[in-house]
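Examination of the molecular architecture
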Amino acid sequence: MHMISATTMQLVSSSSSWRTFVLIMGMMMTMSSSHASRQLPKNPNFVILFADDVGYGDLGSYGHPTIATPALDVMAARGRKYTQWYSGWATCSPSRAALLTGRNPLRSGIGNVLPPDAIGGIPGN
């Protein structure tokens, strides 16, 4: 694991798209370096589980003593577990807009939670 300095983190935190770029590049470098010795499939599966109000320690695979998450534990055992994540916003709709677009949610037009009866979504541009 590489350590990241506080100055680097300040630079990275200044832009949502920059954070997304760094996250994707880090994942690609991790995947390429650890799988160099074995044959990879042509099109590897990549799944992002994006859940609201789930903390790092709320899953059995990360050591929670009482919450049982057997399906997620099996997925974590067979794949990769990432221990750091930076969300684009503190609430669901803007954070999902940031994940989908790589932009700050306010630039995407999503500044608050969209209610279930909301019409529209992320603007086209």
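Conventions used here
- Residues numbered from 1 in each chain as written.
- Predicted model: local features only at pLDDT ≥ 70, side-chain atom pairs only at ≥ 80, totals over all residues.
- Heavy atoms only, no water.
- Helix = DSSP H or I, 4+ residues; strand = E, 2+ residues; numbered from the N terminus.
- Buried < 20%, exposed > 50% of the residue type's maximum accessible area, 1.4 Å probe, protein only.
- Contact = heavy atoms within 4.5 Å.
- Phe/Tyr/Trp six-rings, centres within 6.5 Å; stacked < 30°, edge-to-face > 60°.
- Lys NZ or Arg CZ within 6 Å of the ring centre and 35° of its normal.
- pLDDT = per-residue confidence, 0-100.
- Polar contact = N/O pair within 3.5 Å; in protein donor to acceptor, adjacent residues only side chain to side chain.

Each helix and strand in the protein was counted, giving 4 helices and 0 strands. Each helix and strand of the protein, ordered N terminal to C terminal, gives the series α-α-α-α. Split into buried and exposed, the 125 residues of the protein put 14% on the buried side. For the protein, the proportion of contacts with a sequence separation of at least 24, taken over those separated by at least 6, is 32%.

One can find Ile 122 in the segment after helix H4 (92-101). Residues Ile 122 and Pro 105 lie 17 residues apart in sequence; the distance between their C-alpha atoms is 9.2 Å. Residues in contact with Ile 122, not counting those within four places in the same chain, are Ala 97, Leu 100, Thr 101, Ser 108 and Ile 110.

The next subject is the packing of aromatic side chains. One pass over the structure, following the stated rule, counts 0 aromatic pairs. A cation sits over an aromatic face here: Lys 81 above Tyr 62, 4.7 Å from the ring centre.

The next thing to look at is the environment of Asp 73. Here Asp 73 is to be found in helix H3 (residues 70-78). Remark: the alpha-carbon pair of Asp 73 and Tyr 62, spanning 11 residues in sequence, is separated by 8.5 Å.

So, on to the environment of Tyr 62. As for its position among the elements, Tyr 62 is in the loop between helix H2 (16-34) and H3. Each C-alpha atom, one on Tyr 62 and one on Lys 81, is 8.9 Å from the other, the two residues being 19 residues apart in sequence. Setting aside anything within four residues of it in sequence, one finds Tyr 62 in contact with Tyr 56, Lys 81, Tyr 82 and Thr 83.

Inspection of H4 places Ser 93, Pro 94, Ser 95, Ala 97 and Ala 98 among the buried residues, and these make up the whole buried set. Count one or two residues on from H4 and you reach Gly 102, which has phi positive near 75 degrees.

With 70% of its residues at a pLDDT of 70 or more, the protein has an overall mean of 77. Counting interchain partners and residues more than four positions distant, the pLDDT-below-50 stretch residues 5-14 has 7 contacts.

Now for the side chain of Ser 93. Mapping Ser 93 onto the fold places it in helix H4. Separated by 2.8 Å, the side chain of Ser 93 and the backbone nitrogen of Leu 114 make a polar contact. Ser 93 has contacts with Ile 110, Asn 112, Val 113 and Leu 114, leaving out every residue within four places of it along the chain.

What follows covers the side chain of Ser 108. By the secondary structure assignment, Ser 108 is in the segment after H4. What Ser 108 contacts, discounting residues up to four positions off in sequence, is Thr 101, Arg 103, Ile 122 and Pro 123.

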